[in-house]
Structure formats: structure tokens, C-alpha cells
Amino acid sequence: SNSFVRSPRGWRVCLRFTVATCLVLSVPLAAMAFTPPGRWLVSISFGIETDVLADVITYLRCLSPLLLVSGLRQFYTGMLVQSRRTTLVTALNLVYLGAVIVVLFVGFHFAWKPIVTIAAGQLAGGGLHLALTYLCIRRRYALPRQAEHQTLTYREAFAYFWGTALTSIMFSLSRPILYSF
């Protein structure tokens, strides 16, 4: 939630907190995707056999940057919602969906592996959505006239956001396994 983004300080604290949280959550994902112990842990934890494990690891590798992209997308989208730009949010979501569909068709046409095609679609759609959402924030967002949370601390942000961070890590850890089936 962007309920604290109601002053320049609130914006800075929440943005930095979002980036830091996403990077911290990316470390275990990257460790599982890029290290032999991580590969072993994925295999043992989820009972994944060797032939499927390669696809799961490929997916984890392709999507390791998606945590940061998604976190920033949600941060900026929340700001648009806060400023009642919901029609713009809907349009941006349609662009995201369109980009994912285009990449899926391109991947099918060029016979990419399904795992790579799905990951590329997510990354392309997410990256485009983030870029366009950021541009919309720069052009159409203004902080509320009545500033709030001018003394927001990282401790307050953590106390509010820890549940969201825990949900995000669980989602990130389970998604590649779901796609492997």
C-alpha cells in the first residue's frame, strides 16, 4: 500500500523501502537459481526430478529480476490509484497483457522453450508496464496538498509492510514450481 506516500519524505522512505525489500527477497531466489546448493535445495524441497528441475531453474533464472520490477510496478501503480487515476491503471494493465500475449505468440512462432517464453512474456510485460507507469507518475501525479507522514521512519514502514513482504516471497518461491507442471 502507498498510504504513506503523502509527503516527499514518505515517498522517499517508501520507494527506498520497496527497492530494499525487493532486493532482499531476490537474494534467496537468485541463490536457488544460480548456485548448486540452491538447485539441490529446490530439488529436495519440492521433490522435483532432474528432467523437470532444469526447467524450474531456467525459470528462476529468467524471473529473478521480476521481483524488483514487480515491486516498483506495484509501488507506482498504487500511487496512481491513490490519485484516482484508475482508468489509467486499467489502460496500463491492458498494455501489460498485450505485451505478454505478443511475446507468447513470438515465442511460439520461433519455437522457444515454453519456460523461456513464459518468463520472457512476464519480463517484457512487466518492464513495459513499469516504464509506462513511471512516465505516468512523472507527468500526472502530485502529492496530496495536505502533507502527511513527514517524519516517516523505516521502522514504521517495516512494521506496516512485513506481511506484504512475506506474501511476496512465498509467491515467488512457489510460482516456478507451479509452472513446471
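Note that the structure is predicted; figures quoted are calculated from it, not measured.

Remarks on a nonpolar patch on the surface
On the surface, a nonpolar cluster with roughly 420 Å² of combined accessible area is contributed by L94, L97, I101 and F105. Note on placement: L97 falls in helix α5 (residues 86-109).

Here's the deal with the nonpolar core
Ranked by size, the top nonpolar core spans 26 residues in total, and within it V5, W11, C14, F75, Y76, M79 and I137 carry the most contacts. Elements represented by at least two residues in this core include exactly α1 (8-34), α3 (50-63), α4 (66-82), α5, α6 (114-140) and α7 (154-180). Top contributing element to this core by residue count: α4, with seven residues. If we ignore the near neighbours within four places in the chain, the residues touching I137 are W11, Y76, M79 and L80.

Let's talk about the packing of α1 against helix α2 (residues 36-46)
Two measures define how a pair of helices packs: the angle their axes make with one another and the distance between the axes. Relative orientation of the contacting elements α1 and α2 amounts to 95°, with a least axis distance of 5 Å. Between α1 and α2, the interaxial angle falls into the category roughly perpendicular. Across from A31, M32 and F34 in α1, the residues of α2 making contact are P36, G38, R39 and V42.

Focus: the packing of aromatic side chains
Enumeration over the complete set of coordinates arrives at four aromatic pairs. On the numbers, 5.5 Å between centres and 85° between planes, the contact of W11 with Y141 is edge-to-face. Of the two residues, W11 is situated in helix α1 and Y141 in the loop between α6 and α7; the sequence distance between them amounts to 130 residues. Ring geometry for F17 and F158: centres 6.4 Å apart, planes at 65°, overall edge-to-face. Of this pair, F17 sits in helix α1 while F158 sits in helix α7, and the two are 141 residues apart along the sequence. In this structure F17 comes out as buried when scored by relative accessible area, which is 12%. Here the aromatic cluster, defined as three or more aromatic residues joined through ring pairs, consists of F75, Y76 and Y134.

Regarding α3
For α3, with 14 residues, the first-to-last C-alpha span of 20 Å sits near the 20 Å given by 1.5 Å per residue. What α3 keeps buried is the set L53, V56, I57, Y59, L60 and L63. For α3, the buried positions fall inside an angular range of 160° around the axis, keeping them on one side.

Here we look at the environment of S70
Along the chain, S70 turns up in helix α4. Classification of S70 by relative accessible area gives buried; the value is 18%. Between the alpha carbons of S70 and Q122 there is a distance of 9.8 Å; along the sequence they are 52 residues apart.

Describing the confidence of the model for the chain
Across the chain, the average pLDDT comes to 88, with 95% of residues at or above 70. No element of the chain has a lower mean pLDDT than α7, which averages 75, and none a higher one than α5, which averages 97.

Calculation notes
- Residues numbered from 1 in each chain as written.
- Predicted model: local features only at pLDDT ≥ 70, side-chain atom pairs only at ≥ 80, totals over all residues.
- Heavy atoms only, no water.
- Patch = residues over 30% accessible without salt bridge, like charges linked within 9 Å, V, L, I, M, F, W, Y side chains within 5 Å.
- Areas by Shrake-Rupley, 256 points an atom, 1.4 Å probe, with all protein chains shown as cover.
- Salt bridge = Lys/Arg side-chain N within 4 Å of Asp/Glu carboxyl O.
- Helix = DSSP H or I, 4+ residues; strand = E, 2+ residues; numbered from the N terminus.
- Core = buried A, V, L, I, M, F, W, Y, C linked by side-chain atoms within 4.5 Å.
- Buried < 20%, exposed > 50% of the residue type's maximum accessible area, 1.4 Å probe, protein only.
- Contact = heavy atoms within 4.5 Å.
- Axes fitted to C-alpha atoms, helices over the stretch in contact; angles between N-to-C directions.
- Parallel < 35°, antiparallel > 145°, perpendicular 65-115°, else oblique.
- Phe/Tyr/Trp six-rings, centres within 6.5 Å; stacked < 30°, edge-to-face > 60°.
- Expected span 1.5 Å × (residues − 1).
- Arc of directions from axis to C-beta.
- pLDDT = per-residue confidence, 0-100.

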